[in-house]
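Next come the chains, spelled out residue by residue.
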Amino acid sequence: MGTKREFGPQRILVTGGAGFIGSHLCARLLAEGQEVLCVDNFYTGSRENLQPILNHPRFEFLRHDVTHPLYVEVDQIYNLACPASPIHYQFDPVQTTKTSVHGAINMLGLAKRLKVPIFQASTSEVYGDPEVHPQPEDYWGHVNPVGYRSCYDEGKRCAETLFFDYHRQHKVEIKVARIFNTYGPNMHPNDGRVVSNFIMQALLGRPITIYGEGQQTRSFCFVDDLVEGFIRLMNSPTEVTGPINLGNPGEFTIRELADLIIELTGSKSTIEHLPLPPDDPKQRRPDITRARNTLGWEPKIALREGLKQSIPYFERVLRGQKR
Ligand code: NAD
Ligand code: UDP
């Protein structure tokens, strides 16, 4: 399907390309010889994340909000635009849902007109506070539709619905990835996510803030592994639509994460327990059987190794030199 160029680089649209994951994806696509059109409104992303590639001859940046239609010509679309950390997506929850839903409609409309494949950055949040563990793709989830996380969870669920309806109704080639907690360089240092929070607190010698008892679990994927999964999924055969879990099946309690970060930074930080936020999922671990079988993909970088590669980035941020 589609108007994919037979020769030369593909021109690839990355929405949300100035964000944490998007900036790594743009860099990787350029390294593979592709042309990249990065679209972002800098809601949570930044120019600094793009600094190493801003002047690359095959890179182009367009400041644009995906809740408005976009008229460009490209060969593939990666749709990542959406704030991802709870404090960011809860800051303006109506805008969060609009970004997920109107953004999906606009980008799917573009994919339909151009007849090109479109990738959706969905999330493990579609499983909510899961009652099935680990989570396979055929689990429908346990999501509160009216809570503080709903703008994000239900927005992403609705976006998935739109992707599958555009696929069934308009034959759009879709690639839906459900991303589990991901970390690495270029994370927003103050986005409140657990890895960035704990590393910043450890480096500053401040108390490590564990919400609740710290017995809730998460599975943390290093960003390079995730981006490899994105590219394999995008370039998989047409019939591979997803949804497909992308994440690291290694599961850790939040307490274990805190202890590991204290060890790796050599910090003297103490532990401080704070109240658990509402609807905080108790456990989360991807079943990645489908990704293994369909894409031959699995993460290669263990948490300890990935944290070692991430800590120097946060040290540079604290020294005021992001790169
Ligand atoms: P991020 O906040 O760093 O990046 C999101 C980017 O989207 C930012 O650059 C932001 O400015 C941009 N954006 C937001 N609203 C926009 C709009 N209306 N128009 C244009 N651009 C807009 O987050 P991230 O961690 O890089 O996440 C990227 C994608 O992956 C998101 O869709 C997120 O939901 C998904 N995801 C991330 C994780 C994770 O652990 N990081 C987990 C699951 C899903
Ligand atoms: N968390 C914590 N201390 C922090 C930040 C987060 O204990 O300073 C916990 C949070 O309550 C959740 C887990 O860490 O149980 C992961 O939180 P994050 O916001 O990174 O992502 P999500 O909840 O969306 O998986």
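Please refer to the structure placed before this passage.
Read on for an overview of the structure. (Residues numbered from 1 in each chain as written. Chains lettered and ligands numbered in written order. Predicted model: local features only at pLDDT ≥ 70, side-chain atom pairs only at ≥ 80, totals over all residues. Heavy atoms only, no water.)

1. Describing the packing of helix α6 (residues 194-204) against helix α8 (residues 254-265)
- Running from N to C, α6 and α8 cross one another at 40 degrees; their axes reach a closest spacing of 10 Å. Judged on the interaxial angle alone, α8 and α6 are oblique. As α6 runs across α8, the sense of the crossing is right-handed. On α8, the residues touching V194, V195, F198, I199, A202 and L203 of α6 are I254, L257, A258, I261 and T265. (Axes fitted to C-alpha atoms, helices over the stretch in contact; angles between N-to-C directions. Helix = DSSP H or I, 4+ residues; strand = E, 2+ residues; numbered from the N terminus. Parallel < 35°, antiparallel > 145°, perpendicular 65-115°, else oblique. Left-handed = near helix turned anticlockwise from the far one by under 90°. Contact = heavy atoms within 4.5 Å.)

2. Side note on the site of ligand 1
- In the vicinity of ligand 1 lie 29 residues, with D40, T44, L80, Y152 and R193 positioned nearest.
- In the environment of ligand 1, an oxygen atom lies 2.8 Å from a nitrogen or oxygen atom belonging to the backbone of T182.
- Contact between ligand 1 and R193: a nitrogen atom at 2.7 Å from a side-chain N or O atom of the residue.
- Protein contacts shield 97% of the accessible area of ligand 1, which totals 820 Å² for the unbound molecule.
- When residues of the shell around ligand 1 are traced back to their parent elements, those giving at least two are α1 (20-31), β5 (118-123) and α5 (150-170).
- Counting residues per element, the shell around ligand 1 draws most heavily on β5, which supplies three residues. (Near = heavy atom within 4 Å. Polar contact = N/O pair within 3.5 Å; in protein donor to acceptor, adjacent residues only side chain to side chain. Areas by Shrake-Rupley, 256 points an atom, 1.4 Å probe, with all protein chains shown as cover.)

3. Quick look at the site of ligand 2
- Near ligand 2 there are 18 residues, and of these V194, T209, R218, D280 and R284 occur at the shortest range.
- Backbone polar atom of Y211 to an oxygen atom of ligand 2: 2.8 Å apart, as the coordinates give it.
- In this structure, D280 approaches ligand 2 through a side-chain N or O atom, which is 2.5 Å from an oxygen atom.
- If ligand 2 stood free it would expose 520 Å²; the protein chains cover 95% of that surface.
- Mapped onto the shell around ligand 2, the elements with two or more residues apiece are α6 and β8 (208-211).
- Partitioned by chemical class, the residues of the shell around ligand 2 number seven nonpolar, five polar and six charged. (Nonpolar A, V, L, I, M, F, W, Y, C, P; charged D, E, K, R; others polar.)

4. Details of the side chain of D129
- Mapped onto the fold, D129 is located in the loop between β5 and α5.
- Residue classification places D129 among the buried positions, given a relative accessible area of 17%.
- Among the polar contacts made by the side chain of D129, one reaches the side chain of K282 at a distance of 2.6 Å.
- Among all residues touching D129, those that are not within four sequence positions of it are H142, D280, P281 and K282. (Buried < 20%, exposed > 50% of the residue type's maximum accessible area, 1.4 Å probe, protein only.)

5. What to know about helix α4 (residues 93-114)
- In a regular helix each residue adds 1.5 Å, so 22 residues correspond to 32 Å; α4 covers 31 Å between its end C-alpha atoms and thus fits that length.
- Once α4 finishes, K115 follows within two positions and takes phi at roughly 55 degrees, a positive value. (Expected span 1.5 Å × (residues − 1).)

6. So, the sheet that holds strand β11 (residues 244-246)
- An order of β3-β2-β1-β4-β5-β6-β11 is seen for the seven strands of this open sheet, with the pairing classed as parallel. Two strands lie at the open edges of the sheet, namely β3 (59-63) and β11, each paired on one side alone. With direction set aside, neighbouring strand axes in the sheet form an average angle of 20 degrees.
- Of the strand pairs in this sheet, strand β1 (residues 11-15) and strand β2 (residues 35-40) are connected by five bridges, and their pairing is parallel. Note that in β2 the partner of I12 across the bridge is V36.
- Each of β1, β2, β3 and β4 (76-79) is contacted by α1, which is oriented at about 170 degrees to β1, the strand it contacts most.
- The strands touched by α4 within the sheet are β1, β4, β5 and β6 (174-179), with β4 carrying the most contacts at an inclination of about 170 degrees. (Pairing = 2+ DSSP bridges.)

7. Details of the packing of aromatic side chains
- For the coordinates displayed, the defined rule picks out eight aromatic pairs.
- For the ring pair Y89 and Y152, a centre distance of 4.3 Å and an interplane angle of 5 degrees mean the geometry is stacked. On the criterion of sequence distance, the pair formed by Y89 in helix α3 (residues 86-91) and Y152 in helix α5 is long-range, its members being 63 residues apart. Grouping residues by exposure puts Y89 and Y152 together as buried.
- A ring pair is formed by Y313 and F314, whose centres lie 4.8 Å apart and whose planes are at 75 degrees; its orientation type is edge-to-face. Of the two residues examined, Y313 and F314, each falls in the buried class.
- In this structure an aromatic cluster arises from ring pairing among Y78, F119 and F230. (Phe/Tyr/Trp six-rings, centres within 6.5 Å; stacked < 30°, edge-to-face > 60°.)

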